[in-house]
Structure formats: structure tokens, C-alpha cells
Amino acid sequence: MVTVDGLKPKAVEKPKTAEELAGCLSEASRAGQAVIPIGGGRALGMGDPPARFDLALVTTGLDRIVEVSPEDLTATVQAGVTLEALQAELGKARQFLPLDPFASPGHTIGGLLATAWSGPLRQRYGTPREFLVGLQVALPDGRLARSGGKVVKNVSGYDLNKLHFGALGSLGVITEASFKVFPRPLFEETVEASEPQLTDAWREARRALDLKLPPVALELVREPDRHRLVARFAGSEDGVRRMVRELVWAPVGEADFWQQHSRRRAGRWLRVAVPPEALRDVLQSLPEAASWWAHPGVGVVHWVDFESAQVAAVRAAAEDAGGSAVLLAAPSALKSELGAWGRQPATIDLMRRVKRAFDPAGTLSPGRYLV
Amino acid sequence: MGLGPRTLEKLCRAVGRDHVVWDAYDLVIFERDASIAGALPDAIVYPANVEEVAAVLEIAAEQQLPVVPRGAGTGLSGGAVTLRGGLALSLARLRRIIEIDPKRRTALVEPGVVNYDLGLEAARHGLFYAPDPSSQKACTIGGNAAENSGGPHCLYYGVTTNHILGMEVVLSDGSVHWVGGEDPDRPGLDLLGLLVGSEGTLAVTTKLLVKLLPTPEAVSTLMAAFPSIESASKAVSDVIGHGIVPAALEMMDKVTIGAVEAHYKAGYPTSAGAVLLVEVDGLTESARELTAAIEQILETDDAFEIRVAEDPAERELLWAGRKGAIGALGHIKPNYYLHDGVVPRTKLPEVLRDVGRIGEHYRLPVANVFHAGDGNLHPNILFDLREKGIMKKVEKAGEEMLRACIDAGGTLSGEHGIGLEKNAFMPWIFGPDDLAAMQAVKDVLDPSGRLNPGKIFPPAGQIEPKLIARSGVASEARWW
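The following refers to the structure shown. (Residues numbered from 1 in each chain as written. Chains lettered and ligands numbered in written order. Predicted model: local features only at pLDDT ≥ 70, side-chain atom pairs only at ≥ 80, totals over all residues. Heavy atoms only, no water.)

**A word on the overall build of chain A**
If you tally the helices and strands in chain A, you get 12 helices and 18 strands. Computed over its C-alpha atoms, the radius of gyration of chain A comes to 21 Å, within 12% of the 21 Å expected for a compact globule of 371 residues. Projected onto its principal axes, the C-alpha positions of chain A cover 65 × 50 × 35 Å. Considering chain A as a whole, with its 371 residues, one finds that 62% of them fall into the buried category. Counted over contacts in chain A with a minimum sequence separation of 6, partners at least 24 positions apart contribute 69%. When the accessible area of chain A is evaluated, it comes to approximately 13,300 Å², of which 49% is carbon and sulfur surface. Here chain A contributes 45 positively and 43 negatively charged side chains, and the mean placements of these two sets differ by 3 Å. (Helix = DSSP H or I, 4+ residues; strand = E, 2+ residues; numbered from the N terminus. Rg over C-alpha atoms; globule rule 2.2 N^0.38 Å. Buried < 20%, exposed > 50% of the residue type's maximum accessible area, 1.4 Å probe, protein only. Contact = heavy atoms within 4.5 Å. Areas by Shrake-Rupley, 256 points an atom, 1.4 Å probe, with all protein chains shown as cover. Lys, Arg positive; Asp, Glu negative; His and termini not counted. Charge placed at Lys NZ, Arg CZ, Asp CG, Glu CD.)

**With respect to the sheet that holds strand β16 (residues 291-295) of chain A**
Strand pairing in a sheet takes place through backbone hydrogen bonds and is either antiparallel or parallel in direction. Residues and elements named next belong to chain A. Pairing is antiparallel across the open sheet formed by eight strands, whose spatial order is β14-β11-β13-β12-β16-β17-β15-β18. Looking at strand neighbours, the two that pair on one side only are β14 (250-251) and β18 (324-329), the edges of this open sheet. Pairing of strand β15 (residues 269-273) with strand β17 (residues 300-304), which is carried by five bridges, proceeds in the antiparallel orientation. When the bridges of β17 are listed, R271 appears paired with H302. The strands touched by helix α6 (residues 198-209) within the sheet are β11 (187-195), β12 (217-223), β13 (226-235) and β16, with β12 carrying the most contacts at an inclination of about 170 degrees. In the packing of helix α10 (residues 311-320) onto the sheet, the strands contacted are β15, β17 and β18, and the crossing angle to β18 comes to about 135 degrees. (Pairing = 2+ DSSP bridges. Axes fitted to C-alpha atoms, helices over the stretch in contact; angles between N-to-C directions.)

**Considerations on the interface of chain A and chain B**
Contacts between the two partners involve 65 residues from chain A and, on the opposite side, 76 residues from chain B. Summed over both partners, the interface of chain A with chain B buries about 5,900 Å², with 59% contributed by carbon and sulfur atoms. Sorting the residues of chain A by area buried against chain B places A:K153, A:V155 and A:Y158 first, and these three jointly supply 16% of that buried surface. Scanning the region where chain A abuts chain B turns up nine salt bridges. (Buried area = accessible area lost by both parts, 1.4 Å probe. Salt bridge = Lys/Arg side-chain N within 4 Å of Asp/Glu carboxyl O.)

**Observations regarding unusual backbone geometry**
For the bond running from A:S104 to A:P105, omega is -5 degrees, close enough to zero to count as cis. With respect to the element layout, A:P105 can be found in the loop between β6 (95-96) and α3 (109-115). Phi at A:L168 takes a positive value of approximately 50 degrees, unusual for a residue other than glycine. By the element assignment, A:L168 lies in the loop between α5 (160-164) and β9 (173-180). On the basis of relative accessibility, which here comes to 8%, the residue A:L168 falls in the buried class. A positive phi angle, near 55 degrees, is found at B:E199, a position not held by glycine. Note on placement: B:E199 falls in the loop between α7 (191-195) and β10 (204-211).

**Some words on the packing of aromatic side chains**
One pass over the full model with this rule turns up 15 aromatic pairs over all chains. Note on A:Y125 and A:F182: the rings are 5.1 Å apart at their centroids and 70 degrees apart in plane angle, and the pair reads as edge-to-face. Highlighted residues: A:Y125 in helix α4 (residues 122-125) and A:F182 in strand β10 (residues 182-183), separated in sequence by 57 residues. On the basis of relative accessible area, A:F182 is assigned to the buried category, the value being 15%. Ring centres 5.8 Å apart and planes at 85 degrees place the aromatic pair A:F131 and A:F182 in the edge-to-face group. Residue A:F131 is located in the loop between α4 and β7 (132-138), and its partner A:F182 is located in strand β10; the two are separated by 51 residues in the primary sequence. A:F131 sits in the buried class, given a relative accessible area of 1%. Members of the aromatic cluster, connected to one another through ring pairs, are A:F96, A:Y125, A:F131, A:F179 and A:F182. Against the face of A:W293 rests A:R264, its NZ or CZ located 5.3 Å from the ring centre. Over the ring of B:W428 we find B:R403; its NZ or CZ atom is 4.6 Å from the centre of that ring. (Phe/Tyr/Trp six-rings, centres within 6.5 Å; stacked < 30°, edge-to-face > 60°. Lys NZ or Arg CZ within 6 Å of the ring centre and 35° of its normal.)

Structure, rendered in C-alpha cells:
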């Protein structure tokens with residue numbers, strides 16, 4: 001049974017088509033119900049505890065890979081397709097979606113877009129915001145609205161893709177998405193280094209990022225006795241080998257480091273995101289025994305298994321540095337106490353007006369998102 | 001129209017008398033942009049900073065005046081045309097590069113900064129700004145953001161929206177907001193992503209924080225000549241099919257090559273049916289390895305001449321031909337009408353055949369010069385306006401070319417915007433429900449619909465899509 005913050009829905013629907021899903025949604029909306037869209041359920045810990053929860057709208061019935069066109073470097077999938085299923089299909093043509101979210105496997109494409117979760121590869125490719133080219137979204141009034149298209153370059157109409165990306169399904173339920181996909185790199189190599197002191201680890205990270213070909217992923221992982229740096233290089237073989245030589249780190253210990261890394265998850269999980277230059281100060285402010293991993297080139301640290309009392313100070317510092325600290329998972333009581341999202345953005349009023357235009361009855365995930 | 005003497009007086013007080021223009025003779029300078037449509041504003045205002053922009057928008061709100069923001073006026077879809085009159089809001093005086101931060105690799109600029117000038121300034125720090133529209137020596141960063149502009153190097157680096165971190169914007173009610181920022185994963189709706197590419201219909205931009213990238217260690221540019229467009233298109237597909245995404249992958253057809261060679265002597269073989277310009281960058285080894293791999297693919301695909309630029313001067317010359325191609329087409333006919341449809345890359349050969357057939361049917365020369373790697377076509381219909389009745393033919397041909405792109409699974413515009421040029425065609429790609437969702441956003445941010453009215457959305461009560469002539473703004477008489 002699906003629960004969100006311990007709340008059970010009165011009903012669960014698992015539609016097989018986008019039209020059916022839109023129908024369920026509008027019916028619930030007309031009946032004044034509260035609907036929470038659910039994909040693979042990997043990120044359900046996000047958001048404040050819902051104010052109400054009548055209908056769980058499960059998207060995993062929308063499990064069709066609609067179109068993969070390797071020569072065009074594009075792919076279109078329904079929202080309930082898992083990331084692994086899409087990667088397997090793209091892999092047949094040596095292509096991939098450069099997305100490696102934590103708490104893998106089992107994420108659905110719709111869930112990943114709604115939550116804006118990503119992983120280490122964002123260092124090079126950014127989040128799906130940068131390679132999502134089209135969406136179909138079910139709106140609370142039952143309409144299915146498309147934005148963007150299936151081609152890699154498109155400025156026709158408003159870019160509503162961006163508005164739905166990361167909105168936690170609060171404006172509509174994503175039913176289908178089109179992506180620009182990428183060729184697999186010709187050659188890859190992963191190397192690592194360890195430093196007892198954070199300052200030294202940070203200096204090494206900077207050195208890696210300042211290389212002429214920076215790593216496509218660079219992780220700084222706090223382990224009990226050390227700060228471990230792991231860098232993934234991709235490109236032409238000669239070029240990658242030169243970078244690895246210049247960096248003088250050691251070959252990575254585990255052959256499947258990246259896969260293991262993507263499985264990280266926690267019941268207490270705070271994502272701190274600041275301008276990259278400010279990240280070092282944030283890391284220094286974390287408690288000595290804290291458990292975390294960070295993307296030094298991006299400005300993000302995932303802090304897990306924290307003590308409740310430790311969060312407020314770190315969040316305030318992150319916000320003062322022009323960033324945020326969002327709870328990706330936490331006990332409901334703690335989320336209620338601290339708030340999942342932190343300080344309201346200055347443009348909250350505009351965001352609320354957009355929310356009202358899309359979901360005037362407040363059908364979608366009431367109370368969970370910022371708007 | 002609320003533009004009486006009292007409103008003019010208020011505008012003069014807001015921005016200074018020297019910075020308001022309303023003499024009928026002077027207004028003509030803002031009648032047009034680089035599209036083939038035109039309409040006169042009632043006044044032009046030149047604010048100097050965000051406070052003055054806000055003041056102008058407040059006055060316009062009081063008087064219910066339309067407001068059309070304008071950068072350099074190089075837009076190709078009529079985005080800066082004051083279709084319903086009102087105020088042309090020039091951002092030309094907001095032209096400071098406020099700060100370049102080489103450590104953070106960002107630049108904070110005002111919207112009137114010219115794209116190329118930002119590039120020059122960034123280069124002093126070993127950095128560059130990636131989006132490079134062909135008009136980059138004139139077009140502004142603010143205009144680029146409004147149109148979500150592209151350019152040859154967007155194949156690898158992405159378009160404008162991928163390079164803007166934050167913006168200060170003024171809404172039609174005069175309120176000032178900052179959207180986006182340097183921090184990743186910002187909680188809240190991505191208003192920045194919505195506003196970039198909204199063609200001045202949702203907000204006026206007054207500051208932009210953009211990403212800069214480190215200049216690559218090596219750049220390798222090669223020109224390859226092919227017997228036909230088909231063989232060149234196949235080569236494009238094969239390069240990408242081999243898992244290589246070059247920094248740029250551009251195509252020019254025979255008509256364009258002839259015009260370019262007459263003017264620039266860029267060294268494109270005039271016997272070629274098509275020329276490809278391919279650029280790869282990155283590490284020295286990667287550039288070398290990729291260039292060799294690409295050369296091999298192109299040779300297999302019937303390239304009869306391949307030249308790798310030996311030095312920066314030769315590279316510049318190869319690019320000068322591409323970037324100056326549209327101007328060079330003036331050697332053939334004095335006027336051009338440039339389209340911007342996108343198709344899946346694999347559909348390039350068939351759509352280009354359609355484009356050629358349409359040109360022949362209407363007896364109009366067509367020159368193709370475009371971003372082949374992205375599938376972003378730029379057919380230029382060449383004509384001489386002094387020929388009586390020519391506009392009808394030009395418009396009809398343009399419409400059929402766009403239709404061919406849509407039928408191939410493509411879209412109306414890859415980087416020029418919809419504006420007033422193609423808004424009538426929006427129903428070809430978006431249904432009423434899609435457009436209603438976009439309209440809902442418009443109604444939230446610009447409830448009175450005064451910001452750049454008549455753009456993007458199809459005209460109300462439209463019966464059958466027709467190109468710009470439907471509005472009567474491109475009548476031939478107005479061109480002289």
C-alpha cells in the first residue's frame with residue numbers, strides 16, 4: 001500500500017493511458033479530492049507532509065517506450081518507464097541519457113522530472129532541465145497539454161517543460177517526455193584520491209575541475225577516516241589518459257563504484273545546494289562525524305543520517321550564502337517542524353499565481369510543495 | 001490610444017526628454033526589425049536603468065499602452081515589431097558588462113550588451129560565451145535571451161537557455177523581480193526557464209547572469225565539399241551515428257557557396273553541390289583524433305575535397321563565409337526571406353528536396369545555409385521586391401516549406417522565435433489545450449496582454465493559417 005508521510009490514500013488508480021490518467025485526475029478534481037501522483041516511489045520522502053490525500057495516481061501503468069531514434073539522438077517515453085528500461089533501450093545504439101540519480105534503481109522518468117533528482121553526471125551534462133525537449137502533462141481539468149516537441153532544438157511557444165520540471169507534480173501530472181540523448185563516450189576512466197583533511201581534499205577537487213578536460217563526474221565522499229575523491233573522465237582515449245596522468249590519482253578501488261554510489265539513500269537526507277564557490281564553507285560547517293557526499297563542481301552536498309537539532313544552523317548558513325537546504329527524506333514530524341523546503345523564494349507570489357492558474361482547486365499534492 | 005501629450009510628458013520625466021522619440025519621421029527607424037514585417041510605434045523610449053524601465057512600464061500600465069521591448073532589432077520573426085503601436089522600449093542604453101568573475105566563470109551584464117562584445121571581454125580571461133548567433137556582432141544578450149537564440153556551436157554547447165543562470169526582470173505592472181541564481185536545485189518553480197525564450201511577451205529583462213566556459217585547448221575546423229545535398233546530409237547522419245557530436249556541423253548549398261565565394265573567397269569549391277563546415281574542440285589529442293575520424297567518415301561518404309584549417313586565420317575565413325552567407329546572398333537578389341524550421345536530422349535529405357521543389361515551383365531561388373547537426377534548416381527565399389506581386393509567391397513558398405518541416409515531424413522554429421511571422425501556424429504543432437496552457441501563463445504574468453501583443457499566439461478568430469501578410473504589415477508599398 002502506498003503511503004506518503006504515513007498518510008494512506010482512500011483510493012489508488014493505475015491508469016494504462018494518458019487519457020485515462022487525465023480522466024481520473026479531472027474526476028478527482030471535480031470531486032474536490034487531493035491527488036498525489038506517484039511513479040517509482042523512490043523520492044516519496046520529498047515535500048512537506050500532505051494536507052490531504054484521497055487518490056494515489058500511480059503512473060507505472062504508462063510504461064511504453066514510445067520512440068527511440070538513434071540517428072536523431074532523441075527518445076520519447078511514457079512517464080512510468082523506469083530509467084533502467086530506457087537506458088537499456090538506448091544502450092543498443094551505444095547511447096544513453098546522462099542521468100544517474102541516487103536511490104537507484106527503480107526511478108521512473110516522470111518521477112525524475114517531477115522531483116528534478118539527478119546524480120554525479122550533472123557535473124558535465126547538467127540536470128534533465130538541459131536535455132528535456134518535450135512534455136505531455138495531464139492538467140487537473142482533464143486536458144492533456146504538450147509543450148516543446150521531439151526535435152533537439154525548438155523555440156516554438158513557451159518553454160513550459162521548465163515549469164513542470166522539479167514542480168513535484170504540483171501543476172500537472174507528467175505523462176510523456178521527449179529527450180535529447182547522448183552518444184556513449186568513446187573511452188572512460190575513473191580514478192580516486194584520499195585526503196584526511198577537507199582543505200586538502202578541496203584543493204585536489206579544484207585541481208581536477210581546472211583540468212583542460214574536467215571530469216564528467218567528481219564526487220567528494222566523507223568516510224569515517226578520510227575525504228575520498230572520485231573522478232570520472234570521458235572522451236577520447238589519449239585525452240583521458242593525459243588528464244589522468246596530470247592528476248596523479250589512483251585507479252578507483254571498486255569496478256562498480258558508480259553503480260554502488262547511485263544506490264545511496266537514507267531516511268534522513270538533506271540536500272544543500274549553494275553557489276559552487278560557497279560549498280567549501282558549507283562542508284566545513286558540517287559536524288565532524290557527519291555522513292555526506294558532495295558534487296564540488298556543482299555546489300551540492302547530500303548530508304544523511306543527521307541529528308534533527310543540527311539542521312537549522314546548516315540551512316540558515318546555506319540560505320545566507322544564496323542557496324537552499326531541502327529535505328529529500330525525513331521523519332514526518334521533523335519535516336513538519338522544520339519545513340521540507342526552507343526559506344520561501346522572493347518570487348513565491350508569482351509562483352502561487354502560476355499554481356492557481358494550473359490547479360485552481362488545489363487538487364495536486366496539497367501542502368507538499370512550496371506552492 | 002492613451003499616448004497624449006500628458007503621457008509623453010510623464011515619459012519624458014521618467015527617462016529624460018532626450019530619450020523619448022515621438023516625431024513621426026523619427027519613429028520610422030523602429031518600424032522594422034530584420035524580419036519582413038513592419039509597423040510604427042507611437043513613441044520610442046530609451047530608459048537607462050531598471051528604475052527607468054519600471055517607471056516606463058508603470059506609465060504604460062496606467063495608460064494601457066502596448067509595450068514592445070527591443071534589443072538590436074536583428075530578430076527574424078518580427079519579435080521587436082510594434083504590431084499594435086504603443087511604446088517601443090529600447091534597451092540599448094543598458095549596455096554595461098557589470099562584472100566578469102573569472103573564478104566563478106560568470107558574467108553579469110545588462111541586456112543591451114552585444115553578444116560579440118561579451119565574447120571579446122570574456123576572452124581576456126580565457127573564457128567564452130557559447131551561444132553564437134550569426135548576427136552576434138550586432139545582436140544583444142537581452143534579445144538572445146528573449147528569443148532563446150542559438151548559433152552554429154549550439155550543437156554541442158546548447159542554446160541560450162542552457163547558459164543563463166539568472167535574470168532581473170520587470171513585469172508589465174512595473175514590478176521588479178530576480179529569477180534564477182547561481183545556486184543549483186533552487187526550490188520553487190523555474191520562472192527563469194519560462195521567461196527565457198518568451199519573446200518579450202512576459203517580462204522585460206534588465207540584467208542577466210550568464211555562464212562563461214573556459215576556452216578549449218584546441219580547435220579544429222574542416223571544410224568538406226560534396227557532389228550533392230544528399231551525400232552531405234548522409235555524411236552528417238554518419239558523423240553523429242559514429243557517436244561524434246562536433247562543436248558545430250554546418251551545411252551550405254550550391255546557391256550559397258556561389259554567393260559566398262563571390263564575396264568572401266572563403267575557399268569553398270564552387271563545383272560542389274554542398275559544403276559542410278565541421279568544428280571539433282577540446283584537448284589537442286581529442287581534436288586530432290576526432291578530426292581524423294571525421295575525415296574518414298566524410299571521405300567514405302563521397303566528399304571530393306576536404307580541407308583542415310591550418311591556422312586561426314584560415315579557420316576565421318572558413319567561418320566568415322558561413323557567418324556572412326546571408327549578406328552575401330545580396331549578390332543574387334536584393335531581398336531574402338529566411339525560415340527556421342527544424343526536422344529530425346534523418347529527415348534532412350527529403351525535406352531539403354521538398355524545399356528545392358517548392359522553390360522551383362514558384363520560380364524563386366532558394367539558398368540553404370544551416371545548422372545541419374541540429375536538423376535546423378535555414379532556407380532563404382531570394383527575391384526582388386520591385387517585382388510586382390512577388391510577395392504572395394514568397395509567402396506561399398515559405399508556408400509550404402514550413403509545412404514540409406512539420407510533416408516530417410519537426411517544428412516551426414529552432415532559434416528565431418515565432419513572433420508575428422509564424423504565430424498563425426502554431427495550431428499546426430499545438431492543439432487548443434496546449435495553447436490554453438501557454439495562455440494561462442501569459443494571463444498570470446501579463447494579465448492585460450500589453451507586453452509585445454500579437455506575438456506567439458495565433459490571432460483570434462483565425463480561419464486559415466497564412467504568413468505575415470494576413471496582418472497587412474508586410475504590404476509591398478510599405479517597403480519603400
